[in-house]
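One letter stands for each residue in the lines below.
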Amino acid sequence: MDITELRDRILNQDRRALARAITLVESGRKDHREQAAALLDALRPAGRQAIRIGLSGTPGVGKSTFIESFGMFLTAQGMRVAVLAVDPSSARSGGSILGDKTRMERLSRDKNAFIRPSPSQTHLGGVARRTREAVALCEAADFDVILIETVGVGQSETVVAEMSDLFLLLLAPAGGDELQGVKRGIMEMADLILVNKADGDLKATATRTCADYSGALRLLRKRPQDPEGFPKAMTVSALEENGLEDAWAQMSELAAWRREQGQWDSRRAAQARHWFIEELRQTVLAQLETPQALQEINGLAGSVAENTLSPSAAAEQVLKALNIPRG
């Protein structure tokens, strides 16, 4: 693969080249990993930045409908929008449906939009392991806004906050049980809580739910990266496309404040450090998947199962065989 040619095509907003590059960074083959690293290094001097928006929500809340309506709203303003959607993979077969383009039919036809579904595989955190690299590729392709949709909602979905500038939590109109069911960790990460489906018979319920969340947010400790009044809760209707303009205005206000206060650059620097450590950790763990390591592990696992060797002693032997000192 000609990395120089691929870089030039991405910088010239070639969608086919972008799709090919994302496939490259998602590959686990050693030669592909080397090529992906070379490509990302070649694109870095361009220095292009987009607003990265992470989005999570409970199942059935209407994430895809919201992303399509919100994406259409942004493209109507003349912006280019990339959607990186992560689908859960089967624990049994390892496969994913990857049906986001089908669910976002209107947006997928928009010439100013790019939708890329990816399988989560075994990676925890609601995002695929290489989502951050896909974000960097979309920025190099000069997209203005990148929407990162996670698998679902829970404590592990806070990982998406480590690769986004703004984190949205999408919730459905409900009572106190819903509020109890949302983990405190993800509430503390959210910059904006959007109560969706505020239309028809659910409009009054959505308004009450929004008030409940607003009250809950006031109980949380104030964060240094927030101006007065943030984080906040709002109602939207993705179906009727109501509240999208107000939500975008709040996002723009928060992003502008963070840039002025220096929070934007410091946050991105902290995220880069986080992903360096994470990549190092994943690379070390990958050594346990090599044929040599698996042979050693399987042999010792039998001894542990027969109770002739303790788990700690067996782990020590594996680490010695791989020349990794135990901490």
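The paragraphs below set out a description of the structure included in this document. Keep in mind it's a predicted model, so treat the numbers as computed, not measured.

## Thoughts on a nonpolar patch on the surface
So, point 1. A cluster of nonpolar side chains, namely Phe276, Ile277, Leu280 and Val284, defines an oily patch on the protein surface of about 370 Å² accessible area.
So, point 2. Using a relative accessible area of 41% as the deciding quantity, one classes isoleucine 277 as partly exposed.

## Thoughts on the side chain of threonine 209
So, point 1. With respect to the helices, strands and loops of the structure, threonine 209 is situated in helix α10 (residues 203–218).
So, point 2. According to the relative accessible area criterion, threonine 209 is buried, its value standing at 3%.
So, point 3. Sequence-distant contacts of threonine 209, that is, excluding residues within four places in its chain, are made with Ala172, Pro173, Ala174 and Val195.

## Some points on the packing of aromatic side chains
So, point 1. Enumeration according to the criterion identifies 4 aromatic pairs in this entry.
So, point 2. For the pair phenylalanine 66 and phenylalanine 70, a centre-to-centre distance of 5.4 Å together with 15° between the ring planes defines the contact as stacked. Separated by 4 residues within a single helix, phenylalanine 66 and phenylalanine 70 lie in helix α4 (residues 63–76), roughly one turn from each other. Both residues of the pair, phenylalanine 66 and phenylalanine 70, belong to the buried class.
So, point 3. Their ring planes at 15° and their centres at 6.4 Å tell us that phenylalanine 70 and phenylalanine 73 sit as a pair that is stacked. With a gap of 3 residues between them, phenylalanine 70 and phenylalanine 73 both fall in helix α4, about one helical turn apart.

## Quick notes on helix α11 (residues 244–260)
In an α-helix, one turn spans 3.6 residues, which is why side chains three or four residues apart end up on the same side.
So, point 1. A rise of 1.5 Å per residue sets the reference length of α11, with its 17 residues, at 24 Å; its end C-alpha atoms lie 24 Å apart and thus fit the reference within 8%.
So, point 2. In the segment just after α11, glycine 262 is the residue with positive phi, at about 80°.

## Things to note about the layout of surface pockets
So, point 1. Size it by volume and the second largest pocket reaches roughly 340 Å³.
So, point 2. In terms of lining, the second largest pocket is formed by 17 residues, of which the most central are Leu217, Arg218, Leu220, Phe230 and Pro231.
So, point 3. Contributing elements (two or more residues each) for the lining of the second largest pocket: α9 (184–189), α10 and β7 (232–235).
So, point 4. When residues in the lining of the second largest pocket are grouped by element, the largest group, 3 residues, is from α10.
So, point 5. Of the residues that constitute the lining of the second largest pocket, the class distribution is 7 nonpolar, 2 polar and 8 charged.

## Quick look at the pairing of β7
So, point 1. Where strand β6 (residues 192–195) meets β7, 4 bridges bridge the pair, whose relative direction is parallel. The residue of β7 that forms the bridge with isoleucine 193 is alanine 233.
So, point 2. Following the backbone out of β6, through α10 and into the adjacent parallel β7, one traces a crossover that is right-handed.

## With respect to the packing of α4 against α11
Think of two packed helices as two axes; the pair is described by the angle between the axes and how far apart they sit.
So, point 1. Contact geometry for α4 and α11: axes closest at 10 Å, N-to-C directions at 75°. It follows from the interaxial angle that α4 and α11 lie roughly perpendicular. Of α11, the residues touching α4 (which contributes Phe66, Ser69, Phe70, Phe73 and Leu74) are Leu244, Glu245, Trp248 and Met251.
So, point 2. Of the residues assigned to the contact of α4 with α11, the class counts are 7 nonpolar, 1 polar and 1 charged.

## Section: the pattern of salt bridges
So, point 1. One pass over the structure, following the stated rule, counts 19 salt bridges.
So, point 2. Close ionic contact of arginine 52 with glutamate 139 constitutes a salt bridge, the shortest N to O distance being 2.9 Å. Of this pair, arginine 52 sits in strand β1 (residues 51–57) while glutamate 139 sits in helix α7 (residues 131–140), and the two are 87 residues apart along the sequence. Just as arginine 52 is buried, glutamate 139 falls in that class too.
So, point 3. The residue arginine 109 makes a salt bridge to glutamate 105 at a minimum N-O spacing of 3.2 Å.
So, point 4. Using a relative accessible area of 59% as the deciding quantity, one classes arginine 109 as exposed.

The rules behind these values
Residues numbered from 1 in each chain as written. Predicted model: local features only at pLDDT ≥ 70, side-chain atom pairs only at ≥ 80, totals over all residues. Heavy atoms only, no water. Patch = residues over 30% accessible without salt bridge, like charges linked within 9 Å, V, L, I, M, F, W, Y side chains within 5 Å. Areas by Shrake-Rupley, 256 points an atom, 1.4 Å probe, with all protein chains shown as cover. Salt bridge = Lys/Arg side-chain N within 4 Å of Asp/Glu carboxyl O. Buried < 20%, exposed > 50% of the residue type's maximum accessible area, 1.4 Å probe, protein only. Helix = DSSP H or I, 4+ residues; strand = E, 2+ residues; numbered from the N terminus. Contact = heavy atoms within 4.5 Å. Phe/Tyr/Trp six-rings, centres within 6.5 Å; stacked < 30°, edge-to-face > 60°. Expected span 1.5 Å × (residues − 1). 1 Å grid on protein atoms, 1.4 Å probe; cavity = no way out; pocket = protein on both sides within 12 Å on 5 of 7 lines; lining within 4 Å. Points joined across faces, edges and corners; volume = space filled by probe spheres on them. Nonpolar A, V, L, I, M, F, W, Y, C, P; charged D, E, K, R; others polar. Pairing = 2+ DSSP bridges. Right-handed = clockwise from strand over helix to strand, strands pointing away. Axes fitted to C-alpha atoms, helices over the stretch in contact; angles between N-to-C directions. Parallel < 35°, antiparallel > 145°, perpendicular 65-115°, else oblique.

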